[in-house]
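# Structure assessment
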Amino acid sequence: MTLFAALLVSAWPAVAEAPRRSAPIVLAAASLQEALTAAADRWAARRHPRPILSFAASSTLARQTAAGAPADLFVSADAAWMDDLAAKGLIAADSRAVLAGNALVLVAPTSSATRIDWRDRRGAARSLAAGPIAMADPAAVPAGRYGQAALTALGLWSAAAPHIVRAENVRAALALVQRGAAPLGIVYATDARASPAVRVVATFPPRSHPPIIYPIARLKASRSGEGEGFRRYLLSAEGRAILRGHGFVTR
């Protein structure tokens, strides 16, 4: 055996181990930022490579995945974008599961005295018509779709629609309210919980919009064995406890 061959053989276990132990890339809905960051920290504390987390609108991440962006896991804020990737044959079907649930709320800056009662439709319509109302783009982003569905079910979409400021994701909508650029915003309950700069004005009735669920799946293009491990960790009792600690609903 040549010296080169001997060195190659001795190095092979490390070379083979590198892809398996590489840090998984996780594409996740923007509203999961704090919860998944905490979970990634806990996972890394167990001597695993810390997951690389990328947060954006589910629509943006799904399109990036379809365009070939490298990633191991995808966590959407609705079933529709996961269905889109499934239809394209991009997810491992047996890895798909519901990670968590959420609620939809109307928020205002903490200094605001606004009060809204959905039972008072005229009063709610007047408050919404005063605008602007920040929300994720209902044309594509899950939080926006939920928001439009809720306002429509409550008979308030026509009053609100002319005053909607469409943001690229739910955290961008939250930021507009935090900065005082919009007196009202439609976000998830967990987003409101994560920001001391806003308060909940009203919670949308659960039946006014489709159930808010966060499906998770491993992508077929995954190259990190750690991706499946982290997926299972998030679905474990400990992972779900972390999510609950940040206000998400888990089974």
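Conventions we followed
- Counting from 1, residues in each chain are numbered in the order their sequence is written.
- Side-chain atom pairs in this predicted model are given and counted only at pLDDT of 80 or more, local residue features only at pLDDT of at least 70, and totals for whole chains, interfaces and linings cover all residues.
- Note: side-chain values were computed over all heavy atoms of the structure, leaving out hydrogens and water.
- A pair of strands is considered paired only if DSSP assigns at least 2 bridges between the two.
- Helix and strand definitions here come from DSSP, where helices need a minimum of 4 consecutive H or I residues and strands a minimum of 2 consecutive E residues; each element is numbered from the N-terminal end.
- Note on geometry: axes are lines fitted to C-alpha atoms, helical ones only across the stretch in contact, with angles between N-to-C directions running from 0 to 180 degrees.
- Any two residues having at least one pair of non-hydrogen atoms within 4.5 Å are treated as being in contact.
- In this count, Pro and Cys sit with the nonpolar residues alongside Ala, Val, Leu, Ile, Met, Phe, Trp and Tyr, while Asp, Glu, Lys and Arg are called charged and the others, Gly among them, polar.
- Confidence of the predictor at the level of single residues is given by pLDDT, which spans 0 to 100.
- Type-normalised accessible area, obtained with a 1.4 Å probe on protein chains alone, sets the label of each residue: buried when under 20%, exposed when over 50%, and partly exposed for intermediate values.
- What the arc covers is the set of directions going from the helix axis to the C-beta atoms.
- Of the two site types, the cavity is a set of points on a 1 Å grid over the protein atoms alone where a 1.4 Å probe fits but cannot get out, and the pocket is an open set with protein on both sides within 12 Å along at least five of seven lines, each lined by residues with an atom within 4 Å of a point.
- Grid points are joined across faces, edges and corners, and a volume is the space filled by probe spheres set on the points.
- Basic side-chain nitrogens of Lys or Arg form a salt bridge, by our definition, when they fall within 4 Å of a carboxyl oxygen of Asp or Glu.

### Concerning the sheet that holds strand 9 (residues 198–203)
Pairing within the open sheet is mixed, and its five strands lie in the order 7-6-8-5-9. Unpaired on one side and paired on the other, strand 7 (164–167) and strand 9 mark the two borders of the sheet. When strand polarity is set aside, the average angle formed by the axes of neighbouring strands in this sheet is 35°.

### A word on the packing of helix 10 (residues 225–235) against helix 11 (residues 237–245)
Here helix 10 crosses helix 11 at 65°, and the two axes come no closer than 4 Å. Between helix 10 and helix 11, the contacting residues are Tyr233, Leu234 and Leu235 on the first element and Ala237, Glu238, Gly239, Arg240, Ile242 and Leu243 on the second. When its residues are assigned to classes, the contact of helix 10 with helix 11 shows six nonpolar, one polar and two charged.

### Points about the environment of alanine 66
Along the chain, the position of alanine 66 falls in helix 3 (residues 58–66). Between the C-alpha atoms of alanine 66 and arginine 115, which are 49 residues apart in sequence, the distance is 42 Å. When near neighbours in sequence (up to four residues on either side) are disregarded, alanine 66 contacts Leu85, Lys88 and Leu90.

### Thoughts on the sheet that holds strand 3 (residues 73–75)
Reading across the sheet, the five strands line up as 2-1-3-10-4 and stay open at both edges, with mixed pairing between neighbours. Since the sheet does not close on itself, it has two edges, and those belong to strand 2 (52–56) and strand 4 (97–101), each with one partner. Looking at each pair of strands side by side, their axes are set apart by 20° on average, direction ignored. Contacts from helix 3 reach strand 1 (25–29), strand 2 and strand 3, with the element oriented near 145° to strand 1.

### Thoughts on the confidence of the model for the chain
In this model, the chain carries an average pLDDT of 92, and 92% of its residues clear a pLDDT of 70 or more. Confidence drops under pLDDT 50 across residues 1–19; counting only partners more than four residues distant or on other chains, this segment forms five contacts.

### As for helix 3
The complete set of buried residues in helix 3 reads Ser58, Ser59, Leu61, Ala62 and Thr65. Along the long axis of helix 3, the arc covered by the buried residues comes to 165°, so they all point the same way. Buried positions along helix 3 lie against strand 1, strand 2, strand 3, helix 4 (79–87) and helix 6 (142–153).

### Comments concerning empty space enclosed by the protein
Applying the stated criterion across every chain yields a total of one cavity of 30 Å³ or more. Volume-wise, the largest cavity comes out at about 70 Å³. In this structure, the largest cavity is lined by 13 residues; those nearest its centre are Ala29, Ala30, Ala77, Val141 and Val170. Grouping the constituent residues of the lining of the largest cavity by class yields ten nonpolar, three polar and no charged.

### Notes on the pattern of salt bridges
Under the counting rule described, the total for this entry stands at 13 salt bridges. Note that glutamate 238 is salt-bridged to arginine 42, the shortest N-O span being 3.1 Å. Of this pair, glutamate 238 sits in helix 11 while arginine 42 sits in helix 2 (residues 33–44); the two residues are 196 residues apart in sequence, bridging distant segments of the chain. Looking at arginine 42, the relative accessible area reads 40%, which means it is partly exposed. Of the charged contacts, one joins glutamate 228 and arginine 232 as a salt bridge, the two residues approaching to 2.7 Å between their closest N and O atoms. Remark: arginine 232 and glutamate 228 occur in helix 10; sequence separation between them is four residues, near one turn of the helix. Residue class for glutamate 228 comes out buried when judged on its relative accessible area of 15%. A single network of salt bridges, built from pairs that share partners, joins Arg218, Glu228, Arg231 and Arg232.

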